[in-house]
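Below are the chains, spelled out letter by letter.
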Amino acid sequence: MSSRFIAFTLPRHLAIAAVASAVLAACGGGGSANGIVFPPVAGTPAPSPAPAPAPPPPQDGAEGLPHKLAGWASLPASFRWPGPTTGQFITSALGVTPPFVDGQPLPGFSALLKNDDGTWTAMPDNGYGSKGNSGDFVVGIYNVSIDFRTVSDGTAVPGTVKVNSHVAFNDAKGFLKDGKGVDLKITADFANYQTLSGNNLVDSGKPVDARIASGRLLTGFDLDVESIARAKDGSYFVGEEFGPYILHFDKNGTLMGDPVPHPFLRSPFNPLVMNEGATATSLSSRGFESLAFNGDGTRLYAVPEAAPSLASLRPVADDERYLNFFEFDPASMLYTGKNPVYRKDGPAKDNQIVIGDMTHIGGNRFVLIERDSLFGAKAVVKRLYMVDLDVKDADGVLKKTLLVDLLNISDPADIGGPLAGVASGKFSMPFDSVESVEVVDEHTLAVAIDTNFPTEDGRAPGKPDDTEVITIRFEQALFKRSAPKS
């Protein structure tokens, strides 16, 4: 980004840190095929955030805008999609015993898109949460039908989710091994599945499934996919966390080009860090949790979960609440350097609150999820906020409006039924990873969770969470859309 742009976007007290970041990003370093230059960074990455109580919800307008629960559905944690045996590198938890022979679980929805035919496109993440334990999990997208429960029947049984089909992400064209741009040795390139000890590869001795090898299917060892945006031509842009990268797949799941690295964000699993000794500038699992088109599809906004681990790369060096929306031009496959600044809730240190997702709703308006990493009775922060890129606070940061506290959803029709720990007339989403928000119509949003299967029991203690999806209807329209969403 240029200092001229920063001065236009930010007030002086925020621009100082951003200018330092821009200067650092322009100081040379290793090049890449797409014209991005990586800065030489120094120092030790910040440690993983220390566990700490999340801050209380806002006192003013704590319930957000007038709303009500409109629908509720779930996919059982016991669901399996036919395919390679998976779960060979995880341990038993909450009564679930791996591996899962000839089938893989669907461990929640890290991204969700509404389709024109009434179905939904759902994408789980890399599988089991880390590079080292997910080499046998095939990443990709599912087509699902959701039959929401919309009326009370006196029970706490949600509607149903039917899985119709699966598209596996793949590198059939060989972009990841062509010696150009970003090259990755993926699971399909090994005889045996790989695990990790620290940042060192360990051969598991377990042969890679022939279907993964022959189709160059991508796995959770290769990429940690977290967010998805559909282009007008039906192709998909995907944000991921191991780079972090922006990926482009055709409608059949085939990678259309090299991953696009960020100008200065590098996770501990970035190949430059793992293989070449570069410094990590982003904490693990803090990559592009959100990816959203603007209204006309000419720009994407890639949003990390949290601020960079190096203070010099943050919008505000000593305050981790501030982070950037990184604007990306899908036509040139380059970052533009125009990066609006957003401020999360929570304390200034330790990234206790992270971004779960962002979606465009109309005009320059977007809805974001803010969440803590707590679940069950300990959950405190699960919120939907709305921002307009044209509306900023006095300090130049995007002004945000609380839409709803997801732990305190109004449910006057008792759609959720009697739930333990939930007051009558209310509904709650007490899950760690609330990670999907999507537009249903001008009044209604859908929200879904990543379950972190099989390790979390936010809904019922001792039982791994099902994949829950809800719809929330607001009394007032959130936007006016002149044309259907593509």
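Per an unreviewed UniProt entry, the protein carries the name Esterase-like activity of phytase family protein and comes from Acidovorax cavernicola.

Colleague: Any details on the overall build of the protein? Residues and values, ideally.
Modeller: Each helix and strand counted, the protein has 4 helices and 28 strands in total. Evaluated residue by residue, the protein yields a buried proportion of 58% over its 486 residues. Surface summary for the protein: the accessible area is close to 18,600 Å², and the carbon and sulfur share equals 54%.

Colleague: Report on the sheet that holds strand β15 (residues 300-304), specifying residues and quantitative values.
Modeller: With antiparallel pairing, the 4 strands of this open sheet are ordered in space as β14-β15-β17-β18. If you trace the sheet from one side to the other, it starts and ends with β14 (288-293) and β18 (334-335), each paired once. Note that β14 and β15 share 5 bridges and pair antiparallel. If you follow L291 over to β15, its bridge partner there is A302.

Colleague: Give me the pattern of salt bridges: which residues, what numbers.
Modeller: Side-chain pairs of opposite charge can arise where the charged atoms are in close proximity. As enumerated under the stated definition, the model contains 22 salt bridges in all. The partner of D329 in a salt bridge is R299, with the nearest N and O atoms 3.5 Å apart. A residue pair is termed long-range when its members are at least 10 positions apart, and D329 in strand β17 (residues 326-329) and R299 in the loop between β14 and β15 qualify at 30 residues. For D329, a relative accessible area of 16% gives the class buried. We note a salt bridge from D393 to R343, for which the minimum N-O separation is 3.4 Å.

Colleague: Which residues make up the sheet that holds strand β23 (residues 398-405), and what values do they have?
Modeller: Working definition: the strands of a sheet are paired by backbone hydrogen bonds and lie parallel or antiparallel to each other. With respect to topology, 4 strands assemble into an open sheet ordered β20-β21-β22-β23, the strand pairing being antiparallel. Here the strands that pair on one side only, and so sit at the sheet edges, are β20 (354-362) and β23. Geometrically, the sheet is characterised by an average inter-axis angle of 30 degrees between neighbouring strands, direction not taken into account.

Colleague: Account for the nonpolar core, with residues named and values stated.
Modeller: With 35 residues, the main nonpolar core has M123, F169, L218, V225, I228, V238 and L247 as its most contacted residues. Counting only elements with at least two residues in this core, the list comes to β4 (111-114), β10 (225-230), β11 (236-240) and β12 (245-249). Per element, the largest residue contribution to this core is 3 residues, and it comes from β12. The residues contacting L247, other than those within four sequence positions of it, are L223, V225, Y236, F237, V238, E240, L255 and P259. L65, I361, L478 and F479 belong to the second largest nonpolar core, which has 28 residues in total.

Colleague: Tell me about the packing of aromatic side chains, residues and numbers included.
Modeller: The full count for this structure, using the stated rule, is 15 aromatic pairs. Aromatic pair F242 and F269: ring centres 5.5 Å apart, planes at 75 degrees, arrangement edge-to-face. With F242 in the loop between β11 and β12 and F269 in the loop between β13 (260-261) and α4 (271-276), this pair connects stretches of sequence that are 27 residues apart. When its relative accessible area of 6% is taken as the criterion, F242 is described as buried. Consider the rings of F264 and F326, whose centres lie 5.9 Å apart with planes at 80 degrees: the pair is edge-to-face. Linking F264 in the loop between β13 and α4 with F326 in strand β17, this pair joins segments that are 62 residues apart in sequence. What makes F264 buried here is its relative accessible area of 4%.

Colleague: Go over empty space enclosed by the protein, please, and point to the residues and values.
Modeller: Per the stated rule, a full pass over the model turns up 3 cavities of 30 Å³ or more. As a volume, the second largest cavity reaches approximately 50 Å³. Around the second largest cavity, the lining residues are L75, P76, A77, F79, P105, L106, P107, T451, F453, D465 and T467. Looking at the lining of the second largest cavity, its residues break down into 8 nonpolar, 2 polar and 1 charged.

Colleague: I'd love a proper account of the pairing of β4, names of residues and values included.
Modeller: The side chains of a regular strand alternate between the sheet's two faces. Bridge count for β4 against strand β5 (residues 120-123) is 4 bridges, and the pairing is antiparallel. Directly across from L112, in β5, lies its bridge partner A122.

Colleague: Explain unusual backbone geometry residue by residue, including any values.
Modeller: Apart from glycine, the bulk of residues carry a negative phi angle, and the bulk of peptide bonds sit in the trans form. Of note, the amide linkage connecting G243 to P244 takes the cis form, showing an omega dihedral of -5 degrees. Relative to the helices and strands, P244 resides in the loop between β11 and β12. The amide bond that connects F453 to the next residue, P454, takes the cis arrangement and shows omega of 0 degrees. For M333, which is not a glycine, the phi torsion comes out positive at approximately 60 degrees. Tracing the chain through its elements places M333 in the loop between β17 and β18. Positive phi is not limited to glycine here, since N351 has a value of about 50 degrees. With respect to the helices and strands, the residue N351 is situated in the loop between β19 (341-343) and β20.

Cut-off values and rules
- Throughout this description, residue numbers start from 1 for each chain and increase along the sequence as written.
- This being a predicted model, a pLDDT of at least 70 is required before a residue's local features are given, and a value of 80 or more before pairs of side-chain atoms are given or counted; all residues contribute to the totals for chains, interfaces and linings.
- Computation of side-chain values covers all heavy atoms of the structure but excludes hydrogens and water.
- Strands here mean DSSP runs of E at least two residues long; helices mean DSSP runs of H or I at least four residues long; both are numbered from the N terminus.
- Exposure is judged per residue with a 1.4 Å probe applied to protein chains only, and the accessible area is read against the type maximum: over 50% gives exposed, under 20% gives buried, and values in between give partly exposed.
- Note on areas: Shrake-Rupley with a 1.4 Å probe; residue coverage comes only from the protein chains shown.
- Any two strands with at least two DSSP bridges between them are considered paired.
- Salt bridge, as used here, is a side-chain nitrogen of Lys or Arg placed within 4 Å of a carboxyl oxygen of Asp or Glu.
- An axis is simply a line fitted to the C-alpha atoms; with a helix, the fit covers only the stretch in contact. Between two such axes, the angle follows the N-to-C directions and lies from 0 to 180 degrees.
- Nonpolar cores are built from buried Ala, Val, Leu, Ile, Met, Phe, Trp, Tyr and Cys residues. Side-chain atoms within 4.5 Å join them into one set.
- Note on contacts: a residue pair qualifies if any of its non-hydrogen atoms lie within 4.5 Å across the two residues.
- Only rings of Phe, Tyr and Trp enter the pairing, Trp through its six-membered ring, and a pair is recorded when the two centres are within 6.5 Å. The plane angle decides the type: under 30 degrees is stacked, over 60 is edge-to-face, the rest tilted.
- Points on a 1 Å grid, built from protein atoms alone, make a cavity when a 1.4 Å probe fits but cannot get out and make a pocket when they are open with protein on both sides within 12 Å along at least 5 of 7 lines; residues with an atom within 4 Å of a point are the lining residues.
- Grid points are joined across faces, edges and corners, and a volume is the space filled by probe spheres set on the points.
- Under this grouping Gly is polar, as are all residues other than the nonpolar Ala, Val, Leu, Ile, Met, Phe, Trp, Tyr, Cys and Pro and the charged Asp, Glu, Lys and Arg.

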